[in-house]
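As a plain string of letters, each chain reads:
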2 protein chains.
Amino acid sequence: MLRTHTCGTLRIEHINQTVTLCGWVQKSRDLGGMTFVDLRDRYGITQLAFNMDTNADLCLQARKLGREYVVRATGLVKERESKNSQMATGDIEIVVTAFDILNESVTPPFTIEENTDGGDDLRMKYRYLDLRRASVRANLQLRHKVAQQTRTFLDAQDFIEVETPVLIKSTPEGARDFVVPSRMNPGEFYALPQSPQTFKQLLMVSGFDRYYQIVKCFRDEDLRADRQPEFTQIDCEMSFVEQEDILNMFEGLVKHLFKQVKGIEINNLPRMTYADAMKFYGSDKPDTRFDMKFVELNEVVKGKNFPVFDNAELVVGICAKGCADYTRKQLDELTDFVKRPQIGATGLVYARVQADGTIKSSVDKFYDETALKLWVEAFNAQPGDLILLLAGQADKTRKALNELRLEMGTRLGLRDKNKFSCLWVIDFPLLEFNEEENRFFAMHHPFTSPKPEDIELLNDSNKIGHVRANAYDMVINGVEVGGGSVRIFNRDLQARMFEILGFTKEEAQHQFGFLMNAFEYGAPPHAGIAFGFDRLCSLFGGADSIRDFIAFPKNNSGRDVMIDAPSTIDEKQMNELNIKTIL
Amino acid sequence: MLRTHTCGTLRIEHINQTVTLCGWVQKSRDLGGMTFVDLRDRYGITQLAFNMDTNADLCLQARKLGREYVVRATGLVKERESKNSQMATGDIEIVVTAFDILNESVTPPFTIEENTDGGDDLRMKYRYLDLRRASVRANLQLRHKVAQQTRTFLDAQDFIEVETPVLIKSTPEGARDFVVPSRMNPGEFYALPQSPQTFKQLLMVSGFDRYYQIVKCFRDEDLRADRQPEFTQIDCEMSFVEQEDILNMFEGLVKHLFKQVKGIEINNLPRMTYADAMKFYGSDKPDTRFDMKFVELNEVVKGKNFPVFDNAELVVGICAKGCADYTRKQLDELTDFVKRPQIGATGLVYARVQADGTIKSSVDKFYDETALKLWVEAFNAQPGDLILLLAGQADKTRKALNELRLEMGTRLGLRDKNKFSCLWVIDFPLLEFNEEENRFFAMHHPFTSPKPEDIELLNDSNKIGHVRANAYDMVINGVEVGGGSVRIFNRDLQARMFEILGFTKEEAQHQFGFLMNAFEYGAPPHAGIAFGFDRLCSLFGGADSIRDFIAFPKNNSGRDVMIDAPSTIDEKQMNELNIKTIL
């Protein structure tokens, strides 16, 4: 080894030892007779001291060290005269007796410090320099720890990690596949997996019983903010279980992770049906760090000649505690917020419950004090509270109110990144009607089992949309971190499902015949779940973006701007692959 | 859970407990009054007993259970009358009181037993059934354990696992890349990584200091036996180290794996230079489970008017202990063996050292007893030994003799799969001249550092082929399980290296500019290694083929015959990707 210690290890008990450290020059200071150099590595920072009086040559050389030079320094550990309690190594310094420059550095394009002057694009291009910053490094160390602890927990529960293939078969259902032309099979393509779904189900058919994998998956989608074309899942599957067993097992995993990674004890996860989540939060991933549940007011507000409410399918609102003193300007802001095209409400009605208990609303023309009292009762609002109402088509209005609720939560400081609220959302609908394509899509995926008590409804075209699935999502702080389902394990039911989704018999057999065939050879009951690993890490790290928890992320155009990929390939390579580009 | 126990757990101490098991019907036997069903799961097999006298209905139902039916059975654990000491659960059986058929099975296309009647192709097509066989399952469990123990060791040594991207940039050097057309960047392609080499080096530049990853890699090569288009590596890199540190660290890893996975203590790994490996074994991956080193005889055999030897660049042989009694037929077989086109020797000369010390050779016409005595001395051969000689162009002859040596090792039973002989081969040449392309290729890869003492030779076109690299391979039982090198970390030397490999400045900058640029910002000295994980697992499993240590392998045409991939994709998908196939 070129070093005896790292830059994070030396303490007062090492005094008078001769040590050798390697690292990067974080910064240096000349104080007349002394030169101090902060040497940085992955483990910390240690101060190197050079004394003009005792070793002028060395000190003069040290003064030439630039930022980010790579240095090896040997010297004696000494107690500092002025200690730095902010640094783990702040009690000591190294009085350097010899050093080498292992490599020089040109001036970095941005400062390698927490408050860097580098913009996003620059830091992406020089990602290898951005990764030197302590916070970015800490994110990847956190990621490593989450992976370790995930494996520790699942290994102890007899799960076996099995690698499934990356070069698989393209299937049109779901998101777009990335494809890979096969040179050895001209005209044919592999696809990269969107998830190892069918393979993990085949492993259950094989009797592997408890499977997991921390695995890369791929989706060729237009990248909205914070989506990546390649992402990582904690992918799990179990046999001989019911939904209850999966919920218990993976509640256990998440508790273990919170405890081991964050030092936080998490209570048992409450469960909420999809129907309740939509009714009370307007979202299948409610942020339950704060209450502010929806209250529906159709019964209370209709028939007062206010056409907006009278014509609305749903009038629904929230009560913002202590916001009765919102100014006109603040209320206008909220109105503008809900009227933005992405949210799409037509307006916002409010009612202030004033300190004296009287109520002041934006629709006083239609609702007198008596009528407004009924609102207050419905919300159990207190003096000082602000009632905010939206009205319109039910689904759209709930969706808009969800956004408003989150906005109010943010404004009221109720969405603390260091507070965690986890729950299960259960009883999802099996199918979702797509107006554009005029057919049903699987809400989770085509392998999800309907609830046994709802299977009958599959044969009733009017009720098919009401069939519930044994599907579940884990939601933390309004983020869906994981989701899964009990699977179909019967060939006929699986075939029926493909039929409902608009597959012809031939298409179903061509694309998923291997799975349906496998179901004929003794498939066990099975169920599973997959967690978004990048998202889970960013949540644990208290960050909004997954990008900083991925070592080498791509930008919103799917480009790695550091290595400049994707890029053109040469004619010869394309000929070998039997393809050409059409531009 | 649908079960209380697994089929591998019940013992004599569970007697009189009521239990519920789930599993597959391995087989059933009707013995008049009793029916016995062997129920199998991942953990073992447990005998279910049905009694015609006490519960005729249930017994009759049980008789209808076919092979591979999935069953849940509840009953009382009883001590068996006739115990089976071959089975972990052989002391007990379950007297069944109730059971359900969870799923039926049609007759499997081959028997799910150790000695199956299924051929390779059939078992590949129904891989999910082949995975039910105990030995195949054991292989994947072994793989899981090797991965676990690898992580345990490296985590304890402060290595951090970092995921590197799968969608990267195509580079013409090395094997063929698999490529992925980018929809969002028309006309451009990602490549799948042949290894995370450049990314792990960038992580060193970032200061990550000790990195590892168990990671999928991809090579679009014509698949010789036992190559897979996707394979898994244990990929590692360290900073501030020298070759010696890498050898010690990963010698530690391999010792740990042997100890934890196989229960075997491995001695310190001997080191052999590439030059010695070629001279004494004719291979850079010598099988050192047995000795039988090459002895060169030029000095001894020339000038006796035997033109084959006189005209040969090299006369070299091995001494096969105790094989003097080989029959004419056996010797002819060996001659045929070395004359096969893949081996390419022109003939085989032998000399038997007979019991009385006299020597009988196939070239007695040219070599008298005195001359042959010199052979015997050179080999230190004993009565009963057989000397086998090849002659010709040096490299070709060594290569052929390597094959003969391995063949003799096999014939003599010296290549026991349960015996392990590990070593390091070091001091590889940096470059390898390719006659076809009339240029040098990197023997390891273009990022490998020449030995500092040989760097001078890079400027001498006559000596450039003699430059040695700080590159090393770990060899176990004649298999290269891992290889690596000390890396170049200086921009100018890296640029010089690309120049030697025939890159123009522009090509080098276009393809590897990001790495060379990174070297300008304070790159630390670093070195690394990668192990072939599939190969390591097959070696630990005592198998020749990696295929059975991969859950879902591809065949020699790169096809997954189970899911039928690769396959055609539709026109719309190709249009979106801006490509078309040319057939």
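Heads up: the structure comes first, above all this text.
Values in this document were obtained by computation on a predicted structure and should not be read as measured data. Per-chain numbering applies: the sequence of each chain, read as written, is numbered from 1 onward. Think of it this way: whatever chain is written first is A, whatever ligand is written first is 1, and the rest follow in order. Predicted model: local features are reported for residues with pLDDT of at least 70 only, side-chain atom pairs are reported and counted for 80 or more only, and whole-chain, interface and lining totals are derived from all residues. The side-chain figures draw on all heavy atoms in the structure; neither hydrogens nor water molecules are used.

Draft legend 1. Focus on the packing of aromatic side chains. Paired rings are identified among Phe, Tyr and Trp, the last through its six-membered ring, by centres lying within 6.5 Å, and are further divided according to the angle between planes into stacked (under 30 degrees), edge-to-face (over 60) and tilted (the rest). Overall, the coordinates contain 50 aromatic pairs over all chains when judged by the stated rule. Seen from their ring centres, Phe-306 of chain A and Phe-366 of chain A are 4.7 Å apart, and the 35° between their planes marks the pair as tilted. Of this pair, Phe-306 of chain A sits in the loop between helix H8 (298-301) and helix H9 (307-310) while Phe-366 of chain A sits in the loop between strand E15 (359-361) and helix H11 (369-379); the two residues are 60 residues apart in sequence, bridging distant segments of the chain. Throughout, exposure labels follow a simple rule: accessible area from a 1.4 Å probe, protein chains only, divided by the maximum for the residue type, with under 20% read as buried, over 50% as exposed, and the rest as partly exposed. For Phe-306 of chain A, a relative accessible area of 9% gives the class buried. Phe-366 of chain A gets classed as partly exposed once you look at its relative accessible area, which sits at 26%. Taking 6.1 Å as the distance between ring centres and 75° as the angle between the ring planes, the aromatic pair formed by Tyr-126 of chain B and Tyr-128 of chain B counts as edge-to-face. A relative accessible area of 16% places Tyr-126 of chain B in the buried class. Comment: elements are numbered from the N terminus, with helices defined as DSSP H or I runs of at least four residues and strands as E runs of at least two.

Draft legend 2. Here's a closer look at the pairing of strand E17 (residues 422-426) of chain A. Residues and elements named next belong to chain A. Among the five residues that make up E17, five are buried, leaving the element largely enclosed by the rest of the structure. Along E17, one buried face is formed by Cys-422, Trp-424 and Ile-426 and the opposite face, lined by Leu-423 and Val-425, is buried too. Sheet topology places strand E11 (residues 271-273) next to E17; three bridges connect them, and they run parallel. Looking at E17, one finds that Met-272 is bridged to Val-425. Pairing between strands is defined by DSSP: at least two bridges between the two strands are required. Sheet topology places E17 next to strand E20 (residues 471-476); five bridges connect them, and they run antiparallel. Among the inter-strand pairings, Trp-424 is bridged to a residue of E20, identified as Met-474.

Draft legend 3. The arrangement of helix H15 (residues 533-540) of chain A in detail. All names here are of chain A. The element H15 is extensively covered by neighbouring structure, given that seven of its eight residues are classed as buried. Those residues of H15 that sit buried are Phe-533, Asp-534, Leu-536, Cys-537, Ser-538, Leu-539 and Phe-540. Gly-542 sits one or two positions beyond H15 and adopts a positive phi of about 70°.

Draft legend 4. Inspection of the packing of helix H5 (residues 197-205) of chain B against helix H14 (residues 505-518) of chain B at higher detail. Residue and element names in this part refer to chain B. The interhelical angle for the contact between H5 and H14, taken along N-to-C directions, is 20°, at an axis separation of 10 Å. Judged by the angle between their axes, H5 and H14 are roughly parallel. In this structure, the crossing between H5 and H14 has a hand that is left-handed. Across the interface between the two elements, Thr-198, Gln-201, Leu-202 and Val-205 from H5 touch Phe-512, Phe-514, Leu-515 and Ala-518 from H14. Split into classes, the residues belonging to the contact of H5 with H14 amount to six nonpolar, two polar and no charged. The axes are straight lines fitted to the C-alpha atoms, using for helices just the contacting stretch, and the angles between their N-to-C directions are given from 0 to 180°. In what follows, roughly perpendicular refers to angles from 65 to 115 degrees, roughly parallel to angles under 35, roughly antiparallel to angles over 145, and oblique to any angle outside these ranges. In this scheme, a crossing is called left-handed if the near helix is turned counterclockwise away from the far one by less than a right angle; it is called right-handed if the turn is clockwise. Residues count as neighbours in contact if any of their non-hydrogen atoms are within 4.5 Å of one another. Residues are grouped as follows: Ala, Val, Leu, Ile, Met, Phe, Trp, Tyr, Cys and Pro are nonpolar; Asp, Glu, Lys and Arg are charged; every other residue, Gly included, is polar.

Draft legend 5. Region of the structure containing unusual backbone geometry. Cis rather than trans, the peptide bond between Ala-565 of chain A and Pro-566 of chain A has omega equal to 0°. Of note, Pro-566 of chain A is situated in the loop between H15 and helix H16 (571-576). With a phi angle near 60°, Asn-578 of chain A is a residue other than glycine that sits in the positive phi range. Topologically, Asn-578 of chain A is positioned in the loop between H16 and strand E23 (579-581). Since its relative accessible area comes to 17%, Asn-578 of chain A is described here as buried. For Asp-158 of chain B, which is not a glycine, the phi torsion comes out positive at approximately 70°. The residue Asp-158 of chain B is located in the loop between helix H4 (134-156) and strand E6 (160-161) in this model.

Draft legend 6. How the structure looks around the environment of Thr-89 of chain B. Residues and elements named next belong to chain B. In this fold, Thr-89 is placed in the loop between strand E4 (70-79) and strand E5 (92-103). C-alpha separation for the pair Thr-89 and Ile-12, spaced 77 residues apart in sequence, amounts to 8.3 Å. Residues contacting Thr-89, with those up to four places away along its chain left out, are Cys-7, Gly-8, Thr-9, Leu-10, Arg-11, Ile-45, Thr-46 and Arg-80. Polar contacts here mean pairs of N or O atoms no more than 3.5 Å apart (in protein, one a potential hydrogen donor and the other a potential acceptor; neighbouring residues in sequence count only if both atoms are side-chain atoms). Polar contacts involving the side chain of Thr-89 include one to the main-chain carbonyl oxygen of Ile-45, which spans 2.5 Å.

Draft legend 7. Up close: the relation of the copies chain A and chain B. By a simple turn and slide, chain A fits onto chain B: the slide is 0.0 Å along the axis, the RMSD is 0.0 Å, and the turn is 180°. The relationship between the two copies is best expressed as a two-fold rotation axis. Taking the C-alpha atom as reference, chain A places Val-180 of chain A closest to the rotation axis, 2.5 Å from it. When the interface residues of chain A are mapped onto chain B, 100% of them are again interface residues, pointing to one common binding face. A least-squares fit on C-alpha atoms brings the copies together, and the residues used are those whose pLDDT is at least 70 in both copies.

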